[in-house]
Amino acid sequence: MLLYLKLAWRNIWRNKRRTLISISSVTFAVLLAVSTQSLNRGSHDHMIDNMARFHTGFIQVQDSMYDDEPSLDHAMPFDDALAGRIRGSDNRIDFLIPRIETYALVASEDITRGGILMGIDPEREHRLNGVQDHLVEGRFFDQGDETLVIGERFAGRLNVSIGDTLVLLGQGRFGMTAAGKYAISGLIRHPISDIDNQIAYISLHDAQWLFSAEGHVTSLLVTPTQVRHYDQVAESIRRELGHDSEFAVLTWPEMMPELLQAIEFDNAGGHVVTGILYIVIAFGLFGTILTMTLERMREFGVLLSVGMQRVQLAGVVFLETFFISLLGVLAGFVLSFLLLIYFYLNPVELSGDAAGAMLAYGFEPILPVSLAPDLFYSQMIIIFLIAIVISLYPALKIIRLNILEAART
Amino acid sequence: MSILFQISWRNIWRHPARSGILMGAIIVGTWGGILVAGWGNGLIEQRVDYLISTELSHGQVHHPEYRAEREPWMTIPDAESILAYLEGDERVQSVSPRTLSEGMARSPVTTSGVRIHGVHPEKERATTALYDRLEKGDWLGDEFRNPVLIGGQLADKLRLEIGNRLVLQFQDIDNEITAGAFHISGIFRSASSDYDERNVFVKSDDLSALIAGETFYHEIAMSLTSSDQADGVIADVNERFPDVHAQTWHELSPEIRYIAAYSGTLTYFLMAIIMMALAFGILNTMLMAIFERMRELGMLLSIGMNRIRVFAMIMLESLMLTFSGALAGILLSVLTLWYLGDRGIDMGMFADGLAEFGFDTITYPFVTAGEFFGIVIIVIFAALIAAVYPAIKAFRLNPVEASKE
């Protein structure tokens, strides 16, 4: 066996040029397959990231009744002890964002409108979605300074501007009346116009006081250090809080099923594209391997004539193609890793209609790539298998070779 | 020159296996490229068509402030003449006037916030695909008093069945809370469970009687003979009826544009990758073929064929191979598209989850003439670039060394 390995290894370096061409075929195949998957996955991750940051976050801890009946009566108590327990449940947790989210009537001097009222901690919120960058005028409040920030379009509907005072009217916990006067300290342009039409932010402290919900939040957003670990992190939190406790831990697919649908749909299309790519790759590889076989007919014929057994020769040639595939796949891994690292750090910037539409939606107009490790090894394995199947061709050819004709070519 | 042609043509057929595989690569590349483009188009159109046919229709007319405020009194002034005008426009296939209300649906079990659409049964059926999405029961008919269609998701949440009573609570025109009892005549299921939970459909006469005691409309949705005409029709409505605000489907839902443009860009990049795979496959095969033929080429040079001719011969071989391959690839993809464009491809094969979501899993790929020629040109270009390098290699051959190999 060792002899065959040695023979095969020496054979492939006997004709360096030919070997390098074959290896580069495999390398390039891996590079392209990984890039395709990486582009696909990257754009989905980008979409999820944007959506989650502006809507629900990646993981939410809530009172177990809140999802069915989103009312302040089902707010959950939140203090440093609970924050410590959640933070300690998994070391992949980056930071926590407490929110009070409810509806309230927002009244200016002569207009009253229903709005979404968010009690937030502006610093932590900013870490999640850069909310302060969307400020068009004024500033964000400090905790408890009794001012608010509202959507630009919402301000237009209420016919108010910075410095004006708004009255918030709503229902606090357990039927308490909530009413308060707040001066407008800033205007924000929320990227999603539907929300911009009806959003008002006050400090978490003010919201808790207004709605008689001291020490409570309606939801606690948990941001993992790596977005893709959301499932494991959520599971750790569930374990820490107890599965049947008064808390529910929700992840983004549960909170935004539509988005998951859209991605599943896209993925189905991606499979077809990948399938076609594999076919094209297989043909390219087959072309190289076939030409190589044709070129070596004379050599094979001579070897068989001098007494080498067909099975031995087929085995050696198969080993050669095995080495070539292996080297190609490894080189492909290194090359695609370098290329994707580059595009990960310098993503392709979109232009034209796609970019305009994305900007209007508040998303960064880039074509991001993903560096998830499973992308690399799954594509490496698939291309390696394709290469191995194709490598059976020369071996089969040798088994059926007509010695006399081969020696003459 | 003609002798070069002959030599090249014969060279191609002297090695049927090698030429066959090269041609195969070009055929597969052309076919794959066209198919991927067609697939992308099919997917985008399917998504857009879905939203147009179930949720948006091609265009909608509202009171200028209705979409922001949704107050019951923001009705369409002089709806009758707008309807008459639209029905007289030959670009318009059908129109559906609607009375809308934001309210609550109440069953003995629980309460849920819903948007109530009061529709004209025949006109709604002609305008949107809601009727096709009925899962159980019947369309809004005369069997029950105050019939209502609800989504499967809402029916599950409220634990209601066909024939059950459902109380709808909403604001009347004076902002007083009012309510009415409705009977479930049908249950629909669309691709979006969220939509199914938040929307119910009743007869507009029943709803407007409860809101104001007379018939009026908040929304006119229209279905056109082709979506390209949306801009024209909507502009005409806005010009003729300055008191209302008409919007096209892409103004109503800018997300569609975003999704379509983004998927389009992504498809374009994937295409580029497939084309690179094709070009590289061809390049490597050609290169191998040249090395295999070193001896032959060296011989040709030694017996006096000049270098330019050798170069031309190899380029001609590549050209002929490429053109015949591209031609066969086009034929193959026309046949494939013709077959699939008619029957569609069932994506359920690739993702089990899709059917559960209620998506139409069948996609119908299609390619526009421009894309078609674009891809063919890219393929030919890729193949030629791939042929130049080996031809240059041959051009630089040292005849003495080459014939020794």
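Definitions and limits used
- Residues numbered from 1 in each chain as written.
- Chains lettered and ligands numbered in written order.
- Predicted model: local features only at pLDDT ≥ 70, side-chain atom pairs only at ≥ 80, totals over all residues.
- Helix = DSSP H or I, 4+ residues; strand = E, 2+ residues; numbered from the N terminus.
- Rg over C-alpha atoms; globule rule 2.2 N^0.38 Å.
- Contact = placed C-beta atoms within 7 Å.
- Buried ≥ 20, exposed ≤ 12 C-beta atoms within 10 Å, placed from the backbone.
- Domains from an automatic or database assignment.
- Nonpolar A, V, L, I, M, F, W, Y, C, P; charged D, E, K, R; others polar.
- Axes fitted to C-alpha atoms, helices over the stretch in contact; angles between N-to-C directions.
- Left-handed = near helix turned anticlockwise from the far one by under 90°.
- Core = buried A, V, L, I, M, F, W, Y, C linked by C-beta atoms within 7 Å.
- Pairing = 2+ DSSP bridges.
- Parallel < 35°, antiparallel > 145°, perpendicular 65-115°, else oblique.
- pLDDT = per-residue confidence, 0-100.

S.K.: What is the right way to look at the overall build of chain A in this model?
M.R.: Check the secondary structure of chain A and you find 15 helices and 14 strands. Relative to its length of 409 residues, chain A is extended, with a C-alpha radius of gyration of 31 Å against a globular reference of 22 Å. Each principal axis of the C-alpha atoms in chain A carries an extent, and together these give about 100 × 50 × 30 Å. Contacts in chain A between residues at least 24 apart in sequence constitute 81% of all its contacts with a sequence separation of at least 6.

S.K.: Just to check I follow, could you spell out the overall build of chain B for this structure?
M.R.: A tally of helices and strands in chain B yields 16 helices and 12 strands. Taking 2.2 N^0.38 as the reference for a compact globule, 405 residues should give roughly 22 Å; the C-alpha atoms of chain B span a radius of gyration of 32 Å, well beyond that estimate. Dimensions of chain B along its principal axes, counting C-alpha atoms only, are 100 × 45 × 30 Å. Per-residue burial over chain B gives 46% buried out of 405 residues. In chain B, the proportion of contacts linking residues at least 24 apart, taken out of those at least 6 apart, comes to 80%.

S.K.: Which parts of the structure should I look at to understand the domain arrangement of chain B?
M.R.: Interfaces are often described in size by the accessible area the parts lose on coming together. Each assigned domain of chain B is listed here: domain 1 (2–52 + 257–404) and domain 2 (64–243). Centre-to-centre, using C-alpha coordinates, domain 1 of chain B lies 51 Å away from domain 2 of chain B.

S.K.: Where do I start with the interface of chain A and chain B in this structure?
M.R.: Tallying the contact residues gives 48 residues for chain A and 49 residues for chain B. Sorting the residues of the side of chain A that touches chain B by element identifies α2 (16–54), α10 (257–295) and α13 (352–360) of chain A as the ones contributing at least two each. Class assignment for the residues of the side of chain A that touches chain B results in 27 nonpolar, 14 polar and seven charged.

S.K.: I would appreciate a short explanation of the packing of helix α2 (residues 16–56) of chain B against helix α15 (residues 369–395) of chain B in the present structure.
M.R.: Packed helix pairs are characterised by how far apart their axes lie and by the angle those axes make with each other. Residues and elements named next belong to chain B. Relative orientation of the contacting elements α2 and α15 amounts to 150 degrees, with a least axis distance of 10 Å. Regarding α2 and α15, the two cross each other, and that crossing is right-handed. The residues of α15 that touch α2, namely those facing Ile26, Gly29, Thr30, Gly33, Ile34 and Ala37, are Glu371, Phe372, Ile375, Val376, Val379 and Ala383. A breakdown of the residues in the contact of α2 with α15 according to their chemical character gives eight nonpolar, three polar and one charged.

S.K.: I keep staring at the nonpolar core and nothing clicks. Help me out?
M.R.: Among soluble globular proteins, nonpolar side chains are generally buried collectively. Formed by 109 residues in total, the largest nonpolar core has its most connected members in A:Ile281 and B:Ile282. Per element, the largest residue contribution to this core is 19 residues, and it comes from helix α11 (residues 254–292) of chain B. Once residues within four sequence positions are removed from consideration, B:Ile282 is found in contact with B:Leu22, B:Ala25, B:Ile26, B:Ala382, B:Ala383 and B:Ala386. Core analysis: the second largest hydrophobic core is formed by 54 residues, A:Ile150, A:Tyr182, A:Val233 and A:Trp252 among them.

S.K.: Is there a simple way to think about the domain arrangement of chain A in this case?
M.R.: Residue and element names in this part refer to chain A. Domain assignment breaks chain A into domain 1 (2–52 + 259–408) and domain 2 (58–255). For domain 1 and domain 2, the distance between their C-alpha centres works out to 49 Å. It is α2 that contributes the most residues to the side of domain 1 that touches domain 2, four residues altogether. Here the residues of the side of domain 1 that touches domain 2 sort into five nonpolar, one polar and two charged.

S.K.: I keep staring at the pairing of strand β6 (residues 147–151) of chain A and nothing clicks. Help me out?
M.R.: Looking down a regular strand, the side chains alternate between one sheet face and the other. All names here are of chain A. The buried fraction of β6 amounts to five of the five residues, a majority that puts the element mostly inside the structure. As judged from the five bridges shared by β6 and strand β8 (residues 177–188), these two strands associate in the parallel manner. Within β8, the position partnered with threonine 147 by the bridge is alanine 183. As defined by bridge partners, β6 adjoins strand β9 (residues 199–203) across three bridges and the pair is classed as antiparallel. Each bridged residue has a counterpart across the sheet, and for isoleucine 150 the counterpart in β9 is alanine 200.

S.K.: I keep staring at the packing of helix α13 (residues 307–343) of chain B against α15(B) and nothing clicks. Help me out?
M.R.: Residues and elements named next belong to chain B. Contact geometry for α13 and α15: axes closest at 9 Å, N-to-C directions at 155 degrees. Here α13 is positioned roughly antiparallel relative to α15, judged by the angle of their axes. Once α13 is placed against α15, the crossing between them reads as right-handed. In contact with Arg307, Val310, Phe311, Ile314, Met315, Ser318, Thr322, Ala326 and Ile330 of α13, α15 contributes Val376, Val379, Ile380, Ala383, Leu384, Ala387, Pro390, Ala391, Ala394 and Phe395. Of the residues belonging to the contact of α13 with α15, the class tally is 16 nonpolar, two polar and one charged.

S.K.: Help me understand the environment of B:Ser101 in this model?
M.R.: Residue and element names in this part refer to chain B. With respect to the helices and strands, the residue serine 101 is situated in strand β2 (residues 92–106). By the C-beta count within 10 Å, which is 24 here, serine 101 ends up buried. Counting along the chain gives 77 residues from serine 101 to glycine 24, while the straight-line C-alpha distance between them is 61 Å. In contact with serine 101, other than residues within four places in its own chain, are Pro72, Ile116, Phe170, Leu207 and Ile211.

S.K.: Just checking my understanding: could you explain the confidence of the model for chain B for this structure?
M.R.: Confidence in the prediction for chain B averages 83 pLDDT; 94% of positions are at 70 or higher. When pLDDT is averaged over each element of chain B, strand β8 (residues 199–203) of chain B comes out on top at 94 and helix α14 (residues 353–357) of chain B at the bottom at 53.

S.K.: Would you take a moment to explain the environment of B:Thr111 for this structure?
M.R.: Residues and elements named next belong to chain B. Relative to the assigned elements, threonine 111 resides in strand β3 (residues 111–119). With 14 C-beta atoms counted inside 10 Å, the residue threonine 111 sits in the partly exposed group. Sequence spacing of threonine 111 and isoleucine 234 is 123 residues, and the spatial spacing of their C-alpha atoms is 38 Å. Those residues in contact with threonine 111 that lie beyond four places of it in its chain are Met104 and Arg106.

S.K.: Please clarify how unusual backbone geometry should be interpreted in this entry.
M.R.: Comment: phi is negative for the bulk of residues other than glycine, and the bulk of peptide bonds are trans. All names here are of chain B. Backbone geometry at serine 57 places phi at a positive 60 degrees, although glycine is not the residue there. For serine 57, the position within the fold is in the loop between α2 and β1 (59–62). The buried category is assigned to serine 57, around which 25 C-beta atoms lie within 10 Å. Residues other than glycine seldom take positive phi values, yet aspartate 78 does so here, at roughly 55 degrees. Along the polypeptide, aspartate 78 turns up in the loop between α3 (66–69) and α4 (79–88). Residue classification places aspartate 78 among the exposed positions, given that 11 C-beta atoms sit within 10 Å.

S.K.: When you look at the environment of B:Ile177 in this model, what are you seeing that I'm missing?
M.R.: Mapped onto the secondary structure, B:Ile177 falls in strand β7 (residues 177–188). Counting along the chain gives 74 residues from B:Ile177 to B:Gly103, while the straight-line C-alpha distance between them is 9.4 Å.

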